Amino acid sequence: MAEINLQEIHDLFISVAHEAGRMMMAATPSYLSSGTKKNSADLVTETDQAVEKMVSNRLLSAYPAFKFIGEETYYPGQKLTEEPTFIVDPIDGTTNFVHTYPAFCISLGLAVNKSAAVGVIYNPFLDELYTGIKGKGSFVTRNGTKLRLPLKQEPEPLKDLSTCLVGTEWGSDRSGNNFAVKTKVFSKLAASKDDGGAMVHSIRSGGSAALNLVLVAAGQQDVFWEGGCWAWDVCAGWCILVEAGGIMVDGNPGDWQPTMEGRSYLAVRGAPSGQRDIVEEMWKVIGDGKMIYES
């Protein structure tokens, strides 16, 4: 295959993201008449599917030889290969979408050799566009102004978890091993050091893995720890994060080189020092706990 023009794909992603944003905003529940007969589940499913169909049509028309993995068309057993692959979540943050909470987005990623090469994430409610190209940096465009990530030109060193704003998510599974691991870790992150906790600065649950990742990339959140999300939730954000100097490791202790499909992730913002220390402290908080998800 000829050398891939990542800039060209990035530009197409931006065009597709804005079209998807218009579709999402037109379907956002607050803008529907009170007489609508659609319930929230129907609305999300219909909009998810319509956006993904538009996205796949536009991307595969331009690049018919590429593979495509999307949340709505994924099937059990479908695996990411080394071939160039579009990895797409048409609406990340569907619960937020239903409640008109302003933290939902489209996540458009390109993986090459199973590694994130291009990422575009667009929150249409706030009109915030996050972009990244491997080797060329990452950016956010707000109110027409394009800013390089991280937002601070000279980020502070990372000290310990007590100084960190940590992003986490409860997820939809509220029972079993993974829920038990999460609740134990949440409690230990929040608890005082006198009681054996990390006493993090605070914990946030934004409801969108993709937006959590770009907040870490921007330096507005120090850490994001998550289990249960999928490649389409993290591919685009992974690219944006790394291009901003951040790192991604496994959400379960021990693996510094996680896979795109591993389903457990720990992201740490860019910093002149302290990234590995934060990872090791976070893994110590997790301890013997391990989240287990089918891939």
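Structure first, text after, so check above.
Just so it is clear, the model here is predicted, and its values are computed rather than measured. (Residues numbered from 1 in each chain as written. Predicted model: local features only at pLDDT ≥ 70, side-chain atom pairs only at ≥ 80, totals over all residues. Heavy atoms only, no water.)

Observations regarding the pattern of salt bridges
The condition that has to hold: A carboxyl oxygen of Asp or Glu within 4 Å of a side-chain nitrogen of Lys or Arg is what we treat as a salt bridge. Relative accessibility under 20% of the residue-type maximum defines a buried residue, over 50% an exposed one, and the middle range a partly exposed one, all with a 1.4 Å probe and only protein chains included. Only DSSP runs of H or I with at least four residues qualify as helices, and only runs of E with at least two residues qualify as strands; both kinds are numbered from the N terminus onward.
With the rule as written, the count across this model stands at six salt bridges. Where Glu156 meets Lys152, a salt bridge forms, and the shortest distance between an N and an O atom there is 2.7 Å. Overall, the relative accessible area of 40% leaves Glu156 in the partly exposed class. Since its relative accessible area comes to 48%, Lys152 is described here as partly exposed. Here Asp222 makes a salt bridge to Arg269, at a shortest N to O gap of 2.7 Å. Taken together, the residues span a long stretch of sequence, with Asp222 in the loop between α5 (209-218) and β10 (223-227) and Arg269 in the loop between β12 (264-268) and α7 (275-286) at a distance of 47 residues.

A look at the nonpolar core
For clarity, the cut-off: The nonpolar core is taken to be a set of buried Ala, Val, Leu, Ile, Met, Phe, Trp, Tyr and Cys residues, with the residues joined through side-chain atoms within 4.5 Å.
Counting residues in hydrophobic clusters, the biggest one holds 35 residues, and the most contacted among them are Ile87, Ile121, Leu149 and Met260. At the level of secondary structure, the elements contributing two or more residues to this core comprise β3 (105-112), β4 (115-123), α5, α6 (231-243) and β12. In terms of residue count, α6 provides more of this core than any other element does, nine residues in total.

Concerning the sheet that holds strand β2 (residues 85-92)
Put simply, the rule reads: Following DSSP output, two strands are said to pair if at least two bridges run between them. In this analysis, axes come from line fits to C-alpha atoms, helices being fitted only over the stretch in contact, and the angle between any two N-to-C directions falls in the range 0 to 180 degrees. Throughout, a contact is declared for two residues whenever any of their heavy atoms are within 4.5 Å.
Overall, mixed pairing links the seven strands, which are arranged β1-β2-β3-β4-β5-β6-β7 in an open sheet. Two strands lie at the open edges of the sheet, namely β1 (67-70) and β7 (145-148), each paired on one side alone. Pairs of neighbouring strands in the sheet enclose a mean axial angle of 15 degrees, with direction left out of account. The pairing of strand β6 (residues 137-142) with β7 spans four bridges and is classified as antiparallel. The residue of β7 that forms the bridge with Thr141 is Lys146. Across the sheet, α6 lies against β1, β2, β3, β4, β5 (128-133) and β6, angled at about 100 degrees from β4, the strand it touches most.

With respect to the packing of helix α1 (residues 6-27) against helix α2 (residues 40-62)
The following threshold applies: Any angle between 65 and 115 degrees counts as roughly perpendicular, while under 35 counts as roughly parallel, over 145 as roughly antiparallel, and the rest as oblique. Two helices cross in a left-handed way if the nearer one is turned anticlockwise from the farther one by less than a right angle. They cross in a right-handed way if the turn is clockwise.
Closest axis-to-axis distance for the α1/α2 pair is 10 Å, and the angle between their directions is 160 degrees. Taken together, α1 and α2 sit at an angle that is classed as roughly antiparallel. For α1 against α2, the interelement crossing comes out right-handed. On α2, the residues touching Leu12, Phe13, Ser15, Val16, Glu19, Ala20, Met23, Met24 and Ala27 of α1 are Leu43, Thr47, Ala50, Val51, Met54, Val55, Arg58, Leu59 and Ala62.

Some details on the packing of aromatic side chains
Heads up, the rule is: Side-chain rings of Phe, Tyr and Trp, where Trp is taken by its six-membered ring, are said to pair if the distance between their centres is within 6.5 Å; with planes under 30 degrees apart they count as stacked, over 60 as edge-to-face, and otherwise as tilted. Note on geometry: a ring has a charge over it if NZ (lysine) or CZ (arginine) is within 6 Å of the ring centre and within 35 degrees of the ring normal.
If you walk through the whole model with that rule in mind, you get 14 aromatic pairs. Here Phe66 and Phe86 contribute two aromatic rings whose centre-to-centre distance is 5.2 Å and whose plane-to-plane angle is 40 degrees, an arrangement assigned as tilted. Linking Phe66 in the loop between α2 and β1 with Phe86 in strand β2, this pair joins segments that are 20 residues apart in sequence. Take Phe86: its relative accessible area is 0%, and that puts it in the buried class. An aromatic cluster of three or more residues is present, and its members are Phe13, Tyr63, Phe66 and Phe86. Here Arg263 stacks its cationic end above the ring of Trp230, 3.6 Å away from the centre of that ring. Looking at Arg276, its charged tip hangs above the ring of Trp256, at a distance of 3.8 Å from the centre.

A word on helix α4 (residues 176-190)
The cut-off we apply is this: Working rule for helices: expected span equals 1.5 Å times residues minus one. It is the directions from the helix axis to the C-beta atoms that the arc portrays.
Its 15 residues place the ends of α4 22 Å apart at the C-alpha level, agreeing with the 21 Å of an ideal helix rising 1.5 Å per residue. Taken together, the buried positions of α4 are occupied by Asn178, Val181, Lys182, Val185, Phe186 and Leu189. Down the axis of α4, the smallest arc covering the buried residues is 130 degrees, so these residues share one side. Packed against the buried residues of α4 are β8 (165-167), β9 (202-204), β10 and α7.

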